[in-house]
Amino acid sequence: MHMKHAEVLSRLMLEREISTDMLKTIGMSFEVFLKYAQFSYVARQKIVDKAIKKLAPEYCEVCQCVPCDCSYGSK
């Protein structure tokens, strides 16, 4: 099943986990996903942040909002 861009972004921001139905949208191969699934929680969160940043370049890792409203944003 292929998810739409907005749905993937919404789920990533809410659930903070990558699932197989998101792979095509975020551009991750299944082989990479299998490696991702074996990483620690902290490492997976870094990958989720990168996926969110790819889908929403204005995403702020500090306040976790789109667009940033904390003034500490990653610019």
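In this text, all values refer to a predicted model and were calculated from it rather than measured experimentally.

Parameters at a glance
- Residues numbered from 1 in each chain as written.
- Predicted model: local features only at pLDDT ≥ 70, side-chain atom pairs only at ≥ 80, totals over all residues.
- Heavy atoms only, no water.
- pLDDT = per-residue confidence, 0-100.
- Helix = DSSP H or I, 4+ residues; strand = E, 2+ residues; numbered from the N terminus.
- Contact = heavy atoms within 4.5 Å.
- Expected span 1.5 Å × (residues − 1).
- Core = buried A, V, L, I, M, F, W, Y, C linked by side-chain atoms within 4.5 Å.
- Buried < 20%, exposed > 50% of the residue type's maximum accessible area, 1.4 Å probe, protein only.
- Salt bridge = Lys/Arg side-chain N within 4 Å of Asp/Glu carboxyl O.

With reference to specific residues and values, describe the confidence of the model for the protein chain.
Confidence in the prediction for the protein chain averages 86 pLDDT; 89% of positions are at 70 or higher. Within the protein chain, the lowest mean pLDDT, 91, falls on helix α1 (residues 5–15), and the highest, 97, falls on helix α3 (residues 30–38).

Give a description of the side chain of R44 that names residues and reports values.
Looking at the element boundaries, R44 is found in helix α4 (residues 41–55). Setting aside chain neighbours within four positions, we find R44 in contact with E17, Y36, A37 and F39.

An account of α4 is needed here, citing residue identities and associated values.
With 15 residues, α4 should cover 21 Å at 1.5 Å per step; its first-to-last C-alpha distance of 21 Å lies within 8% of that length. For α4, the elements touching its buried residues are α1, α2 (23–26) and α3.

Can you tell me about the nonpolar core, naming the residues and giving the values?
Within the largest apolar cluster, 17 residues are counted, with the highest numbers of intra-cluster contacts made by V8, L12, I18 and I26. Mapped onto this core, the elements with two or more residues apiece are α1, α2, α3 and α4. Each residue touching I18, except ones within four places of it in the same chain, is listed here: L12, L23, I26, M28, F33, Y36, I47, V48 and A51.

So, the pattern of salt bridges: which residues are in play, and what are the values?
A side chain of one charge can pair with a side chain of the opposite charge when the charged atoms of the two come close. Going through the model one piece at a time under the given rule, you end up with 4 salt bridges. The salt bridge involving R16 is made with D49; its shortest N-O contact spans 2.6 Å. Residue R16 is located in the loop between α1 and α2, and its partner D49 is located in helix α4; the two are separated by 33 residues in the primary sequence. Owing to a relative accessible area of 12%, R16 belongs among the buried residues under this scheme. For E17, the salt bridge goes to R44, with nearest N and O atoms at 3.4 Å. One end of the pair, E17, is in the loop between α1 and α2; the other, R44, is in helix α4, with 27 residues separating them in the sequence. Classification of E17 by relative accessible area gives partly exposed; the value is 27%. Residue classification places R44 among the buried residues on the basis of a relative accessible area of 16%.

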